[in-house]
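Coordinate inspection notes
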Amino acid sequence: MPKIEKFEDLNCWKEARMLVKQVFLLCSNDGLNKDYGLVDQLKRASVSVMNNIAEGFGRFSDKEFIRFLGIASSSAQEVKSISYILLDLKYINDQEFDDLNSSIDSTKNMILGLIKYLRTK
C-alpha cells in the first residue's frame, strides 16, 4: 500500500468528493432547488462526509481519526435517508435515486474499510 501523505490521497475522500458533486448537481434540478431547507440539509450532510474525512486525517491519533470517520459515515447515512425523501417527493427519479445510493454506499464502504484498517494496524 502506498504511503498516504495527505487527505487528498485517501480513496474514501476522493469518493466523498464525487458524492458532493453529484449531490450539488441534483440540487440544481427544477423543483428541488426551490425546497431550500431540504437542499441545505442535503448539501451540508454530503459536505460533512468529505470534510470529516479530511479533518480526521489531520488529527494526531488513529483513535481521533476513527472518530471523525465515524461521523463521516453517519453523514453518509443522513444523505441516504434524505435520498428517500427526494424519491418520495418525486424530486428525483428511480435512476437518479439508484445512482445516488450507489455512490453513498461506495463512499460509506470505503470509510468503513479505512476504519477497520486503522483498528487492526
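**What about helix H1 (residues 11-26)?**
Here H1 is 16 residues long and its end C-alpha atoms lie 23 Å apart, about the 22 Å a rise of 1.5 Å per residue gives. Regarding H1, the residues found buried are Cys12, Trp13, Glu15, Ala16, Leu19, Val20, Gln22, Val23 and Leu26.

**Regarding the environment of leucine 87**
Position of leucine 87 relative to the elements: it lies in helix H3 (residues 62-88). Once the C-alpha coordinates of leucine 87 and glycine 70 are considered, the two residues, 17 residues apart in sequence, prove to be 26 Å apart. If near-sequence neighbours (up to four positions away) are discounted, leucine 87 is found in contact with Ile92, Asn93, Asp94 and Phe97.

**Regarding the side chain of serine 83**
Considering the arrangement of structural elements, one finds serine 83 in helix H3. Filtering out sequence-adjacent residues up to four positions away, serine 83 remains in contact with Ile92, Phe97, Leu100 and Asn101.

**Looking at helix H2 (residues 36-57)**
Given a rise of 1.5 Å per residue, 22 residues ought to cover 32 Å, and the 31 Å separating the end C-alpha atoms of H2 matches this to within 8%. In the structure, H2 departs most strongly from a straight axis at valine 49, where the bend amounts to approximately 25 degrees. Turning to H2, its buried residues number three or more, namely Leu38, Val39, Leu42, Ala45, Ser46, Ser48, Val49, Met50, Asn52, Ile53, Ala54 and Gly56. At its buried positions, H2 is contacted by H1, H3 and helix H4 (94-120).

**Things to note about the nonpolar core**
In this structure, Ile53, Leu69, Leu86 and Ile111 are the most contacted members of the largest nonpolar core, which totals 35 residues. Only H1, H2, H3 and H4 provide two or more residues apiece to this core. The element best represented in this core is H3, accounting for nine residues.

**Brief notes about unusual backbone geometry**
Peptide bonds are mostly trans, and most non-glycine residues show a negative phi. Here lysine 90, not a glycine, exhibits a phi torsion of approximately 65 degrees, which is positive. Classification of lysine 90 as exposed rests on a relative accessible area of 72%.

**A closer look at the packing of H1 against H4**
It is the contact of H1 with H4, at a shortest axis distance of 9 Å, that shows an interaxial angle of 155 degrees. With respect to H4, the element H1 is oriented roughly antiparallel. In this structure, the crossing between H1 and H4 has a hand that is left-handed. Between H1 and H4, the residues in contact are Asn11, Cys12, Glu15, Ala16, Leu19, Gln22, Val23 and Leu26 and Glu96, Asp99, Leu100, Ser103, Ile104, Ser106, Thr107, Met110, Ile111 and Leu114, respectively. For the contact of H1 with H4, the per-class residue count stands at 10 nonpolar, five polar and three charged.

**Looking at the environment of lysine 34**
With respect to the secondary-structure elements, lysine 34 resides in the loop between H1 and H2. Under the relative-accessibility criterion, lysine 34 is labelled exposed at 56%. Sequence separation between lysine 34 and asparagine 51 is 17 residues; the distance between their C-alpha atoms is 26 Å.

Rules used in this analysis
Residues numbered from 1 in each chain as written. Predicted model: local features only at pLDDT ≥ 70, side-chain atom pairs only at ≥ 80, totals over all residues. Heavy atoms only, no water. Helix = DSSP H or I, 4+ residues; strand = E, 2+ residues; numbered from the N terminus. Expected span 1.5 Å × (residues − 1). Buried < 20%, exposed > 50% of the residue type's maximum accessible area, 1.4 Å probe, protein only. Contact = heavy atoms within 4.5 Å. Bend = angle between axes of the 7 residues up to and from the residue. Core = buried A, V, L, I, M, F, W, Y, C linked by side-chain atoms within 4.5 Å. Axes fitted to C-alpha atoms, helices over the stretch in contact; angles between N-to-C directions. Parallel < 35°, antiparallel > 145°, perpendicular 65-115°, else oblique. Left-handed = near helix turned anticlockwise from the far one by under 90°. Nonpolar A, V, L, I, M, F, W, Y, C, P; charged D, E, K, R; others polar.

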